[in-house]
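Here's the letter readout for the chains.
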Amino acid sequence: MIKVEPVSKAASEAAVSTLLIDTDVHEYLHAATELLPYLDPVWQKYMTETRWDKSRISQHAYGTPTQFHGTRAEWLLPDGTMGTDLEQMRTMLFGEEHVTHAILNGFFHVSAMRGNYEFATALASAYNDWQVEKWLVPEPRLFGSVHVVARDPQQAAREIDRVAEHPQIAQVFLPVVSDCEYGDPFYRPIFKAAAKHGLSIAFHHGQETHSGVGYPRYFVEWHTLAPPQGSIAQLVSIITNGVFDEFPELHLVLLETGVAWVPWLMWRLDQQYREYRREIPWVKRLPSLHMRDNVRVSTQPMGDLKTRDFVSLVNMVESDRIFVFATDFPHYDADSLGNVLPESIPTALRNKIMYENALESYPRLAHVKPPT
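Rules and cut-offs
- Within any chain, residue numbers begin from 1 and follow the written order of that chain's sequence.
- Side-chain atom pairs in this predicted model are given and counted only at pLDDT of 80 or more, local residue features only at pLDDT of at least 70, and totals for whole chains, interfaces and linings cover all residues.
- Side-chain measures were taken over the full set of non-hydrogen atoms in the model, leaving aside hydrogen atoms and water.
- The secondary structure listing takes helices from DSSP runs of H or I that are at least 4 residues long and strands from runs of E that are at least 2 residues long, numbered from the N terminus.
- The reference for a compact globule is 2.2 Å times residues^0.38; the radius of gyration itself is calculated from the C-alpha atoms.
- Should any heavy atoms of two residues lie within 4.5 Å, those residues are considered in contact.
- For accessible areas, the Shrake-Rupley method is used with a probe of radius 1.4 Å. Any residue's cover is judged against the shown protein chains and nothing else.
- Positive: Lys, Arg. Negative: Asp, Glu. His and the chain ends are not part of the count.
- A charge is said to be at NZ when it belongs to Lys, at CZ for Arg, at CG for Asp and at CD for Glu.
- Remark: exposure states derive from per-residue accessible area (1.4 Å probe, protein chains only) relative to the maximum for the residue type, with buried under 20%, exposed over 50%, and partly exposed in between.
- The pairing criterion for strands is at least two bridges between them, as found by DSSP.
- Throughout, an axis means a line fitted to C-alpha atoms (over the contacting stretch in the case of helices), and angles, computed between N-to-C directions, take values from 0 to 180 degrees.
- Angle categories are assigned with fixed cut-offs, so that under 35 degrees is roughly parallel, over 145 is roughly antiparallel, 65 to 115 is roughly perpendicular, and the rest are oblique.
- All residues other than Ala, Val, Leu, Ile, Met, Phe, Trp, Tyr, Cys, Pro, Asp, Glu, Lys and Arg, Gly among them, are scored as polar; the first ten of these are nonpolar and the last four charged.
- When a carboxyl oxygen of Asp or Glu lies within 4 Å of a side-chain nitrogen of Lys or Arg, that pair is called a salt bridge.
- What qualifies as a polar contact is a pair of N or O atoms within 3.5 Å, subject to a donor-acceptor requirement within protein and to the restriction that residues adjacent in sequence count only when both atoms come from side chains.

Asks: Describe the overall build of the protein chain, and please don't skip the residues or the numbers.
Replies: Along its length, the protein chain carries 13 helices and eight strands. The C-alpha radius of gyration computed for the protein chain amounts to 20 Å, which stays within 12% of the reference 21 Å derived for 372 residues, consistent with globular compactness. Overall, the C-alpha framework of the protein chain stretches about 60 × 55 × 45 Å when taken along its three principal axes. For the protein chain, the share of sequence-separated contacts (at least 6 apart) that also reach a separation of at least 24 residues comes to 80%. Counting only carbon and sulfur atoms, one obtains 54% of the accessible surface of the protein chain, whose full area is about 16000 Å². Taking the average location of the 33 positive side-chain charges in the protein chain and that of its 46 negative ones, the two points are 5 Å from each other.

See the structure below:
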């Protein structure tokens, strides 16, 4: 049982001066046309001579309830964009937020596009090259994601093979939305390629994600339900279809889903497994054991939990390895370290969430050491 004991201000500052790994940072394109130099001529022509627009990826028309274009006021850039400037990210994220290393997830969910999957694949490849050139090469504290189109798993695996050669690539990014759940054997080449290269898999919701019964009428409904419900469905599918039994070293990171659902899912899925395990004989362990060993959940958003509630949550899941720190930079509801992990959090647990769990879960970060 973990006790909540006060941590001195000096100890808190010492923790920040070691490592703080942010698992959910969003870099943005100013416009999709930034990808033109990275596209083959046939797709350059398609982009410039048709009415295609990045906004067509999205399916719902909810407006983000903030006057600052979805970002914190102080993070809004002079041109009205957010997350498009590396220097600002250095100042705000590495400086003011005390992050030492960050994993980029983008906000360009081409895998969710409906139709023209060849073009979507070309966009994903171009985006990967743009991310490496514009963000990773000039900033060694950043790690990137391979963006793929899941509807063509064989091509997605080839793209993972190609991009994984860069040492700062840490994971494969998949949007929560898919034609069928990701545990389906159809998608297995993606997981096989990720495991081969020591990459984690990250799930993140987007505007294409819907709740268990479709798109609600209002943003408040969608934001409450869609991220956790979509991610839970994908996670249960992956566990019950034996992905972790086949790739026991693979880590799945669920981003921006909230945290309070985790113990409930463990309990319910274990109970269902005990009752129906004859249906899935390839799953050799309790689902809760797979979750403790292979699943990580980012802390953001954690505003609905008080410190004592979070510590109780960790006790309920019987593991301090599941949760990893995230800001969700540069969005309006981003979390700061002091809000998520205040001084009242025990130091050992705080360090686990700040960086130890991330180092364990992302093999490509194994060389990262606390600054001296």
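Asks: Hey, could you go over the pairing of strand β4 (residues 169-175) for me, with residue numbers and the actual values?
Replies: The buried fraction of β4 amounts to seven of the seven residues, a majority that puts the element mostly inside the structure. Relative to β4, strand β3 (residues 142-147) is paired through four bridges, and the arrangement is parallel. Pairing of Val 146 across the sheet is with Val 172, part of β4. Both β4 and strand β5 (residues 200-204) contribute to a ladder of five bridges, which runs parallel.

Asks: Help me get a handle on the packing of helix α9 (residues 261-276) against helix α10 (residues 287-294), residues and values and all.
Replies: Packing of α9 against α10 leaves a shortest axis separation of 8 Å and a crossing angle of 140 degrees. As judged from the angle between their axes, α9 and α10 are oblique. For the pair α9 and α10, contact is made by Val 262, Leu 265, Met 266, Leu 269, Asp 270 and Tyr 273 and by Pro 287, Ser 288, Met 291 and Arg 292, respectively. Among the residues forming the contact of α9 with α10, the class breakdown is seven nonpolar, one polar and two charged.

Asks: If you had to explain the pattern of salt bridges to someone new, which residues and values would you point to?
Replies: Tallying each qualifying case throughout the model produces 15 salt bridges. Arg 72 is paired through a salt bridge with Glu 97; the nearest N and O atoms lie 3.3 Å apart. Of this pair, Arg 72 sits in the loop between α2 (41-49) and α3 (86-96) while Glu 97 is found in the loop between α3 and β2 (101-104), placing the two residues 25 residues apart along the sequence. Glu 97 matches Arg 72 in its accessibility class, with the two residues each being buried. Beyond isolated ion pairs, a larger network of salt bridges with shared partners links Arg 285, Asp 293, Arg 296, Arg 321 and Glu 360.

Asks: Explain the sheet that holds β5 residue by residue, including any values.
Replies: Pairing is parallel in the open sheet, where eight strands are placed in the order β1-β2-β3-β4-β5-β6-β7-β8. This sheet does not close on itself; its edge strands, each paired only once, are β1 (21-25) and β8 (323-324). Where helix α5 (residues 153-163) meets the sheet, its contacts fall on β3 and β4, and the angle it forms with β3 comes to roughly 155 degrees.

Asks: Hey, could you go over α3 for me, with residue numbers and the actual values?
Replies: The complete set of buried residues in α3 reads Leu 86, Gln 88, Met 89, Met 92, Leu 93 and Phe 94. Residue Asp 85 occupies the N-cap position of α3, its side-chain oxygen lying 3.1 Å from the main-chain nitrogen of Glu 87. Positive phi shows up at His 98, right after α3, with a value of about 65 degrees.

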